[in-house]
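# Overview (structure and organization)
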Amino acid sequence: MRLSGFPALAVVTLLATAGCNTGSVPPPDPSIPGWLRQQISDGGRFPPVIEQVTYRGQSAYHVIATDRSDTGDEHSLFSPDGRLICVFGGIAGQVTSGSCVLDEIVYV
């Protein structure tokens, strides 16, 4: 199917692109640490999913890599200052690097 000399897919692509108004994207929340904003921007096509959690009563961040699944290292737990606490994942949810008790991660 052709519309005004353009393939239908090209028209849909143009409309979708026009609908993405970057002026409507809110500025980053200043309370989000800079190292965490950098991880998001470095994520490219597969930005990580980030959840604020508490770990042993302290604020922390659970970062989930979206470019892989069940590899055993797709989840990372970070302190607010960006220090890696542990890496975990896989089907069984095992800690593969660092040291943490998964049952002590509380999702906010």
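Described in the following lines is the structure provided in the data block.

How each quantity is defined
- Residues numbered from 1 in each chain as written.
- Predicted model: local features only at pLDDT ≥ 70, side-chain atom pairs only at ≥ 80, totals over all residues.
- Heavy atoms only, no water.
- Disulfide = S-S within 2.5 Å.
- Helix = DSSP H or I, 4+ residues; strand = E, 2+ residues; numbered from the N terminus.
- Buried < 20%, exposed > 50% of the residue type's maximum accessible area, 1.4 Å probe, protein only.
- Phe/Tyr/Trp six-rings, centres within 6.5 Å; stacked < 30°, edge-to-face > 60°.

## A word on the state of the cysteines
The final tally for this structure, using the stated rule, is one disulfide. Between Cys-86 and Cys-100 runs a disulfide, and the two sulfur atoms are separated by 2.0 Å. Taking the torsion about the sulfur-sulfur bond, which here is approximately 70°, the covalent link between Cys-86 and Cys-100 counts as right-handed. Here Cys-100 lies in the loop between strand E7 (94-98) and strand E8 (105-107) and Cys-86 lies in strand E6 (residues 84-89), a separation of 14 residues in the sequence. Looking at Cys-100, the relative accessible area reads 12%, which means it is buried.

## Quick look at the packing of aromatic side chains
Going through the model one piece at a time under the given rule, you end up with two aromatic pairs. Here Trp-35 and Tyr-61 contribute two aromatic rings whose centre-to-centre distance is 5.9 Å and whose plane-to-plane angle is 80°, an arrangement assigned as edge-to-face. With Trp-35 in helix H2 (residues 34-42) and Tyr-61 in strand E4 (residues 58-64), the pair connects residues that are 26 residues apart, well separated along the chain. Using a relative accessible area of 21% as the deciding quantity, one classes Trp-35 as partly exposed. On the basis of relative accessibility, which here comes to 11%, the residue Tyr-61 falls in the buried class. Pairing Trp-35 with Phe-78 gives two aromatic rings, centres 5.2 Å apart and planes at 45°, and the pair type is tilted. Of this pair, Trp-35 sits in helix H2 while Phe-78 is found in strand E5 (residues 75-78), placing the two residues 43 residues apart along the sequence. Aromatic rings pair up to connect Trp-35, Tyr-61 and Phe-78 into one cluster.

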